[in-house]
Amino acid sequence: MQWSLSLCSLMGVALLAQMSSTSTVNVALQGVATQSSQYNDDDNHVKASNAIDGNKDPNADHGSCTHTKIEACPWWRVNLLDVYNVTTVVITNRNSNPDRLNGAEIRIGNSLENNGNNNPICAVISNMTTVQDQTFQCNEMEGHYVSVIIHGNNKILTLCEVEVYGILAGHCSSATRLSHDEYHFVNQNKTWTEAQSYCRQNYTDLATIDNVEDLDRQMKAVHSGYTGAAWIGLKKGDWKGEWQWSDNDCSEGYFNWQQDEPNNRGGNEDCVMMSNGGKWNTSNCNNSHAFICYDRLNSSGTKFNFINNTQMTWRDAQMYCRENHTDLASVRNQTENEEIFRLASGHSVWIGLFRGSWKWSDQSNCSFRNWHETQHDNTRGNQTCAVTFMNYSGRWGCQKCDEQLPFFCYYNKVILIRQKKTWKDALAYCREHHNDLVSVHSDEVQRWVEAQAKRASTPHAWLGMRFTCTLNLWFWVSGESTCYHNWAPGNGTVMEDCGQTGVRRTGAVEKDGRHQWVSLPDTEELDFICSTSNKR
């Protein structure tokens, strides 16, 4: 056993090393871009986001490139929306006046001081007069921002595409887990509900996209040359999701609600503002307020920024903050709450807390979103199912659920259900909707279970194990062998208390730590992990 565990550990280290050294994911595609100026303020053909739209057309007349005004030290920047170790940056230059880009600096870092242009230099661009695309090695430089700047007077900055390749830098994020989902593109036209049924019958469910790495693997699952829209597992409904921060901050536990809040008055108060005394109130996201942005690691020490020269809806405020700062403010403790309250000077201001009514088909709580900039939230009111646009680098949009489209399924041997149920109710759910509560009979299955357990909303997640007092032993309800064990100390190896009438001891896996198994009464309400049928 010791030898097999050591071998397993070595294999894991080798896999992680391979992931660190080779990154094929263009993380700029999910980012938010801005630039020092726009050549024509009313001309979207030269806007900053053109450089991260996946379109590498070098002809600036086709509306695929950025273009600043003639000015001193023009710059362009992408907010990656998380901190990455950047391995390479690929620049696509325009095919006319290509020499304008020579001498530009590529800078990567976490500071927005001087608009991010004081961050460390990855490379200086040269020889772009003869080469349209150029790749720059950045040796895993850490950064939340990648910027391009040309120093000097009377300069113009034009970029047709900026690709940024890297891996997450280890900051708290759902994307740090290893994913085991396999994506399958089904080139059959079905409604969203029909596609959901097909995926559940033949795979696990309609596709859930957890992070930019998942997005990349999903896109690569298409081998037919299809370039249109395809269903994914995201749907909007009357349900209300959990409160979450715009920047996916992983801190939990601090809230400062006004009395009787959150009350969701009128049924559509899904965004949060800070008002009297620094207390929080829910509000309709389409209302307009001043707002608070924050800068990540701003060396000037000014972390929060009060924006009151214009009032915006919550979504517009979010986009403004991502373009000009880091994001809408996350409030992690009382000290930060008091700082924002002082800064707001009595104004009611948006903060970054919201809850969405979009929900994944497999009940995942994944907060990753990849909306196209013009279709972030059901703009016509009756488009409540999500698609991925293959011709827009996988960006998402909304469609009527009864439209007939191809779709993406995913397959996973195990699936986490984020619904708090007793052990018996969890068993019934798994058997009705999937296969069974999961049995863990090997190191391989344990690793799959660990990847799901990390996403649980409860301290433990149910497994398909229970104790029989009659025989004084633990068994898997699926009938699998119980030779493999991963009990936490003091669990599973001692005589269980069988004296409590109507309560049985059942097995669960730890969300955190070493993800070992524990013995719990079956009346507790926990998330749970189902096994999926071997349908493929």
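To be clear, the structure that these remarks concern was listed above.
Okay, so let's go over this structure. Keep in mind that what you see is a predicted model, and the values were worked out from it rather than measured.

### Remarks on the state of the cysteines
Thought 1: By the definition in use, this model includes seven disulfides.
Thought 2: Covalently, Cys65 is tied to Cys160 through a disulfide, its sulfur atoms 2.0 Å apart. Linking Cys65 and Cys160, the disulfide has an S-S dihedral of approximately 90° and is accordingly described as right-handed. A residue pair is termed long-range when its members are at least 10 positions apart, and Cys65 in the loop between β1 (32–35) and β2 (75–92) and Cys160 in the loop between β5 (133–149) and β6 (161–168) qualify at 95 residues. The burial state of Cys65 is the same as that of Cys160; both residues are buried.
Thought 3: Sulfur of Cys398: no disulfide; nearest cysteine sulfur belongs to Cys385 and is 9.4 Å away.
Thought 4: By relative accessible area, which is 3% here, Cys398 ends up buried.

### Thoughts on the pairing of strand β25 (residues 505–510)
Thought 1: For β25, the buried fraction is high: five of the six residues fall into the buried class.
Thought 2: The pairing of strand β23 (residues 460–468) with β25 spans four bridges and is classified as antiparallel. Bridging from a neighbouring strand, Ala461 pairs with Val509 of β25.
Thought 3: Pairing of β25 with strand β26 (residues 517–521) involves five bridges; the strand directions are antiparallel. Opposite Arg505, over in β26, you have Pro521 as the bridge partner.
Thought 4: As consecutive antiparallel partners, β25 and β26 are separated by six residues, and within that stretch Gly513 has a phi angle of approximately 65°, a positive value.

### Description of the pairing of strand β3 (residues 105–109)
Thought 1: With respect to burial, β3 is a largely interior element, five of its five residues being buried.
Thought 2: Across the two faces of β3 the burial is the same, with Glu105, Arg107 and Gly109 and Ile106 and Ile108 all buried.
Thought 3: Pairing analysis gives three bridges linking β3 to strand β4 (residues 121–124), with the strands arranged antiparallel. Along β4, the bridge assignment pairs Glu105 with Val124.

### Here we look at the nonpolar core
Thought 1: By size, the foremost hydrophobic cluster in this structure holds 37 residues, and its most contacted members are Ile209, Trp396, Phe408, Leu437, Trp462 and Phe528.
Thought 2: Element by element, the count of residues in this core is highest for helix α6 (residues 423–433), at five residues.
Thought 3: For Phe528, the residues in contact, after removing those within four places along its chain, are Ile415, Leu416, Ile417, Gln419, Lys421, Ala426, Tyr429, Cys430, Leu437, Ala461 and Trp462.
Thought 4: By size, the runner-up hydrophobic cluster in this structure holds 34 residues, among which are Val27, Tyr84, Cys122 and Leu159.

Definitions and cut-offs
Residues numbered from 1 in each chain as written. Predicted model: local features only at pLDDT ≥ 70, side-chain atom pairs only at ≥ 80, totals over all residues. Heavy atoms only, no water. Disulfide = S-S within 2.5 Å. Helix = DSSP H or I, 4+ residues; strand = E, 2+ residues; numbered from the N terminus. Buried < 20%, exposed > 50% of the residue type's maximum accessible area, 1.4 Å probe, protein only. Pairing = 2+ DSSP bridges. Core = buried A, V, L, I, M, F, W, Y, C linked by side-chain atoms within 4.5 Å. Contact = heavy atoms within 4.5 Å.

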